[in-house]
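Each chain, letter by letter, is given below.
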Amino acid sequence: MTLLSDLAVGGWHPASFVDYPGRVAAVIFLQGCNFCCPYCHNPQLIPLGQTGCLAPAKILDHLARRRGKLDGVTLSGGEPTLQAALPLLCEELHNLGYPVKLDTNGSNPDMLAELLSAGLVDYLAMDLKAPLERYAELAGTKVDVNAIRCSMHLVSSSGVKHHFRTTYDQSLLSPEDLQLIQKMVPEGSGYVVQPCRQPIVTR
Ligand code: SF4
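Rules behind the numbers
Residues numbered from 1 in each chain as written. Predicted model: local features only at pLDDT ≥ 70, side-chain atom pairs only at ≥ 80, totals over all residues. Heavy atoms only, no water. Helix = DSSP H or I, 4+ residues; strand = E, 2+ residues; numbered from the N terminus. Salt bridge = Lys/Arg side-chain N within 4 Å of Asp/Glu carboxyl O. Buried < 20%, exposed > 50% of the residue type's maximum accessible area, 1.4 Å probe, protein only. Axes fitted to C-alpha atoms, helices over the stretch in contact; angles between N-to-C directions. Parallel < 35°, antiparallel > 145°, perpendicular 65-115°, else oblique. Left-handed = near helix turned anticlockwise from the far one by under 90°. Contact = heavy atoms within 4.5 Å. Nonpolar A, V, L, I, M, F, W, Y, C, P; charged D, E, K, R; others polar. Near = heavy atom within 4 Å. 1 Å grid on protein atoms, 1.4 Å probe; cavity = no way out; pocket = protein on both sides within 12 Å on 5 of 7 lines; lining within 4 Å. Sits in = over half its atoms within 2 Å of the grid points.

A. Seen up close, unusual backbone geometry. Looking along the chain, the bond that leaves glycine 77 and enters glycine 78 is cis, with omega of 15°. By secondary structure assignment, the location of glycine 78 is in the loop between strand E3 (72-77) and helix H2 (86-95).

B. The arrangement of the pattern of salt bridges in detail. The full count for this structure, using the stated rule, is six salt bridges. Of the charged contacts in the structure, one is a salt bridge between aspartate 103 and arginine 165, with a shortest N-O distance of 3.8 Å. Of this pair, aspartate 103 sits in strand E4 (residues 100-104) while arginine 165 sits in strand E6 (residues 161-168), and the two are 62 residues apart along the sequence. Both residues of the pair, aspartate 103 and arginine 165, count as buried.

C. Layout of the packing of helix H3 (residues 109-117) against helix H5 (residues 145-156). Taken N-terminus to C-terminus, the directions of H3 and H5 make an angle of 15°; their axes are 9 Å apart at the nearest point. The orientation of H3 relative to H5 falls into the category roughly parallel. Two packed elements cross with a definite hand, and for H3 against H5 that hand is left-handed. Residues Pro109, Leu112, Ala113 and Leu116 of H3 pack against Ala147, Cys150, Ser151, Leu154 and Val155 of H5. Taken together, the residues of the contact of H3 with H5 sort by class into eight nonpolar, one polar and no charged.

D. Spotlight on the site of the ligand. Taken together, Cys33, Phe35, Cys36, Cys37, Cys40, His41, Ile46, Gly78, Asn105 and Lys129 make up all the residues around the ligand. At a threshold of 2 Å from the grid points, most atoms of the ligand map onto the largest pocket. Each residue belonging to the shell around the ligand can be placed in one class, and the counts come to six nonpolar, three polar and one charged.

E. Molecular detail of the packing of H2 against H3. Put simply, H2 and H3 touch, their axes get as near as 10 Å, and they point 30° apart. In terms of orientation, H2 lies roughly parallel with respect to H3. Between H2 and H3 lies a crossing whose hand is right-handed. Here H2 contributes Leu86, Pro87 and Cys90 to the contact with H3, which in turn contributes Met111, Glu114 and Leu115. Here the residues of the contact of H2 with H3 are counted per class, giving five nonpolar, no polar and one charged.

Below you can see the structure in the form of structure tokens.
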């Protein structure tokens, strides 16, 4: 049986103005990622299976006391969809009255489908790392690009607010790559290119 206490939480911010469009949101960073991007903003969150140092219940207690002062909660990482207890966390946040934004690399469409069918997310931001032919290179590991395609379809057809996003650095992606990625974005979906602000690391 999956329990909320199974969640590995690597860290959190009590309030952010930039992580949930139009809202002041707390950000919870889930531990573990199946990608190894050269520009990862949170490389300490990549190791999988590492027990988080923060108890989810304590964060929820704090968020219960912040009701009325925050407009939402963003779940980021790491890759949140790798954790089986993610739906439980979303449910608890909804019970507290918080809209939930999920940041995802799109590698786990099964979890996305579960969250969407249960109405557990209110905003989705999905990375588009590279043209599909270069995905493994930019993600730093083998990638099932069919899973990425499937997640793109789920996100864009969900009816949930969303956008796709690419982290751009000219040493990693060419302008032609960026054009190919833009062509992948489904019609009607938002798309943001964010400049890479982290040092590029070969892991
Ligand atoms: S998907 Fe996100 S968390 Fe995972 S390695 Fe890439 S940038 Fe880091």
